[in-house]
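# Overview (structure and organization)
The primary structure of each chain is shown beneath.
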Amino acid sequence: MRRVVWGLAALLLASRPAGAQGLREKISELFVFTPGQQPLFLGGTGVHANHFITSASSQNGILISFLGNAIGTNVAGIPVSATSGGSTFRFEVGAPVRTSVSPGPVFAERAQTLGRGRVFVGANINRLHFTTLRGIDSIQGQSCAPYGVPRLENDVIELRLRLDLAMTVTSFFVSFGLLDRVDVGVALPIVTTSLVGTSDAQIISFADSLAAHFFGGTPANPILTTSRSVTGSATGVGDMAVRVKVNVTQSERTGFALLGDARFPTGSAVDLLGSGHFSARGLGILSARFGPFAPHANIGYLLRNSDSLNSAVLVTVGFDHLMAPWATMAADVVSELQVGESKVKLPGTVTYDVPFRRTVEPTNIPNQRDDIINASFGFKFLTSSGITIVTNTMWPLNRGGLRPNVVWTAGLDYNF
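Quantities reported herein were computed from a predicted structural model and do not represent experimental measurements.

Let us now look at the overall build of the protein chain. Looking only at helices and strands, one finds three helices and 20 strands in the protein chain. Of all intrachain contacts in the protein chain linking residues separated by at least 6 positions in sequence, the fraction that spans at least 24 positions is 68%. When the accessible surface of the protein chain is totalled, it reaches about 18700 Å², and 62% of it is carbon and sulfur.

Below, the structure written as structure tokens:
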């Protein structure tokens, strides 16, 4: 039995052959047009073959890091589940007293805790297909150096990058009522990431007669266009979360609680399964109840222990409404507001003075804040067996960061 368990763990932690390239490395391959060489090495050029390598190391290196960080942040930030779903109780003179009417929100938190000795378990599947990065659906870049003398130094490489990136995150979670007012929990995601990428490159030559830079051919008859494609996938454990919620005060109508959540970098950042850094969030949770209608607000801070990713202020407001004894509707606006200026600065405008003054934009990705605002809408259906079926969709309300058009969620949870 032990061999089977450890064999499964090994499969989840390393689902690709030893020595195989990670998905992050495959993104950098889209800048390699000569096998076995560095990004933007021009195999057919000869003496000028290395001219764009410095640009690739700086400008495109920033872009590759930016893409990898955006992907890792998304997979680590996918909501798992509310900490205390289902029915919640407190004990008075040894007897359980119910403190909630509905099963609660899908991803937002409410102030009520489970109650001493009670357990909340479940699993859900989230499906994402990323479509835009800061509002653009196709990344364009130009590799160049801010020179212009001699004339060949005006040559630039225009590159169009297209990534078809999809993720499936299956999360398993459990919460336990340690005390009447204290819940502890853990969540373990299993992540599958698939990547299909293509890049098309074209050299814009300023040569008078014989080309100085080209991918193949000869200076008199150069090949100035080329393309590259990569595919890959990986499956493994994502970033594990440990959670603690403390109910500070609870009346018949209102309640206030504090929640602490730590996410550990157990997912492989090389394979785009995790963020590669530790993060923690603290939330203040205010909730109320007016018959079947239960509004809530969560306000807190997300701390990212990373030199390349910003921390964020977290704000979630919404409600859950008991439509029938077996059906609850939940709606929220979920936001993550970036703190400070972006730590990763994309390449700025390059100016040429010779043979005429002109400017070149190294990338069409805008330098902007990565605020993330989503609308969440879902339902919970209580079955006769006590298992709750969860369905939810999450839609972007702005275009900060790397975003899918919709996040689909389906899950099951049980409270006992």
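What follows picks up the thread again.
What follows covers the side chain of Thr393. Counting through the fold element by element, Thr393 comes out in strand β19 (residues 388-396). Of note is the side chain of Thr393, whose polar atom sits 2.9 Å from the side chain of Trp395. Those residues in contact with Thr393 that sit more than four places away from it in its chain are Ala375, Ser376, Phe377, Val406, Val407 and Trp408.

Attention now moves to the side chain of Arg134. Along the polypeptide, Arg134 turns up in the loop between β3 (119-133) and β4 (139-143). We classify Arg134 as buried; its relative accessible area is 4%. One polar contact links the side chain of Arg134 to the main-chain carbonyl oxygen of Pro366, over a distance of 2.6 Å. Setting aside its immediate chain neighbours within four residues, Arg134 contacts Phe66, Ser342, Leu346, Ile365, Pro366, Asn367, Gln368, Asp370, Arg399 and Gly401.

All chains considered together, the criterion is met by nine salt bridges. Lys245 serves as the salt-bridge partner of Glu109, at 3.7 Å between the closest nitrogen and oxygen. You can see Glu109 sitting in the loop between β2 (95-98) and β3 and its partner Lys245 sitting in strand β10 (residues 240-250), a full 136 residues away along the chain. Each of Asp261, Arg263 and Arg281 takes part in a single network of salt bridges with overlapping partners.

For the rest of this paragraph, the subject is empty space enclosed by the protein. The gaps left among the atoms become clear once a water-sized probe is rolled over them. Applying the stated criterion across every chain, the model contains five cavities of 30 Å³ or more. Empty space within the second largest cavity amounts to approximately 110 Å³. Lining of the second largest cavity is provided by 15 residues; of these, Ser102, Arg110, Gln112, Ala294 and Asp320 occupy positions nearest its centre. Only β12 (279-288), β13 (293-304) and β14 (312-324) provide two or more residues apiece to the lining of the second largest cavity.

Position of Leu188 relative to the elements: it lies in strand β6 (residues 182-204). Overall, Leu188 belongs to the partly exposed group, its relative accessible area being 33%. When the C-alpha atoms of Leu188 and Val169 are compared, they prove to be 10.0 Å apart, with 19 residues separating the residues in sequence.

Right, let's get into the nonpolar core. Counting residues in each nonpolar core, the largest one holds 43 residues, and the members touching the most others are Ile71, Leu128, Leu133, Ile139, Leu161, Ile365 and Leu402. At the level of elements, α2 (23-29), α3 (53-77), β3, β5 (156-179), β6, β9 (225-237), β19 and β20 (402-415) are the ones that each hand at least two residues to this core.

Moving on: the environment of Leu402. Structurally, Leu402 is set in strand β20. Along the primary structure Leu402 and Phe130 are separated by 272 residues, whereas in three dimensions their C-alpha atoms are 6.9 Å apart. Sequence-distant contacts of Leu402, defined by excluding residues within four places in its chain, comprise Ala70, Ile71, Asn74, Phe130, Thr132, Leu133 and Leu165.

Attention now goes to the pairing of β3. For β3 and β5, the ladder comprises 12 bridges, and the chain directions are antiparallel. When the bridges of β5 are listed, Ala123 appears paired with Phe172. Relative to β20, β3 runs antiparallel, the two being bridged by 12 bridges. Across the sheet, the residue bridging to Phe120 is Asn415, located in β20.

Calculation notes
Residues numbered from 1 in each chain as written. Predicted model: local features only at pLDDT ≥ 70, side-chain atom pairs only at ≥ 80, totals over all residues. Heavy atoms only, no water. Helix = DSSP H or I, 4+ residues; strand = E, 2+ residues; numbered from the N terminus. Contact = heavy atoms within 4.5 Å. Areas by Shrake-Rupley, 256 points an atom, 1.4 Å probe, with all protein chains shown as cover. Polar contact = N/O pair within 3.5 Å; in protein donor to acceptor, adjacent residues only side chain to side chain. Buried < 20%, exposed > 50% of the residue type's maximum accessible area, 1.4 Å probe, protein only. Salt bridge = Lys/Arg side-chain N within 4 Å of Asp/Glu carboxyl O. 1 Å grid on protein atoms, 1.4 Å probe; cavity = no way out; pocket = protein on both sides within 12 Å on 5 of 7 lines; lining within 4 Å. Points joined across faces, edges and corners; volume = space filled by probe spheres on them. Core = buried A, V, L, I, M, F, W, Y, C linked by side-chain atoms within 4.5 Å. Pairing = 2+ DSSP bridges.

On their own, these measurements won't tell you what the molecule is for.
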